[in-house]
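# Analysis of the macromolecular model
For reference, the chains in residue letters:
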Amino acid sequence: MINCGDCERALNPYLDRELSEEDLVQVREHLDACSGCLHRFAFEESLRRLVRVRCQEQAAPDSLRQRITVTFAIERTRTRTRKRSD
Ligand SMILES: [Zn+2]
């Protein structure tokens, strides 16, 4: 049985449908037993749905993607800089 910490770590991969069948079963079992995590998952899922709908309404997924790409690029640069100074 997984604990709340494991469950929280599985939240994003769960919503992204990236969990293995085995992990998925474990998460579902935990959600059945833990209302705290269940609420958190439900909240996060509705939040994602809202964001998706908003993006479609404003037809702005491209600029959003661009922003995310820029953020990733900055993060990569930062990681590289850190590694170089080591
Ligand atoms: Zn929990």
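Placed above this text is the structure.
Note that the structure is predicted; figures quoted are calculated from it, not measured.

## Quick notes on the overall build of the protein chain
- Along the protein chain, the regular secondary structure elements total 5 helices and 0 strands.
- When the helices and strands of the protein chain are listed from N to C terminus, the series reads α-α-α-α-α.
- For the protein chain, buried positions account for 6% of its 86 residues.

## Re the nonpolar core
- Counting residues in each nonpolar core, the largest one holds 5 residues, listed as Cys7, Ala10, Val27, Cys37 and Phe41.
- Beyond its immediate stretch of four places on either side in the chain, Phe41 contacts Leu11 and Leu31.

## Thoughts on unusual backbone geometry
- You will see that Arg17, though not glycine, has its phi angle at about 55°, which is positive.
- Checked against the element boundaries, Arg17 lands in the loop between α2 (11-15) and α3 (21-33).

Conventions used here
- Residues numbered from 1 in each chain as written.
- Predicted model: local features only at pLDDT ≥ 70, side-chain atom pairs only at ≥ 80, totals over all residues.
- Helix = DSSP H or I, 4+ residues; strand = E, 2+ residues; numbered from the N terminus.
- Buried ≥ 20, exposed ≤ 12 C-beta atoms within 10 Å, placed from the backbone.
- Core = buried A, V, L, I, M, F, W, Y, C linked by C-beta atoms within 7 Å.
- Contact = placed C-beta atoms within 7 Å.

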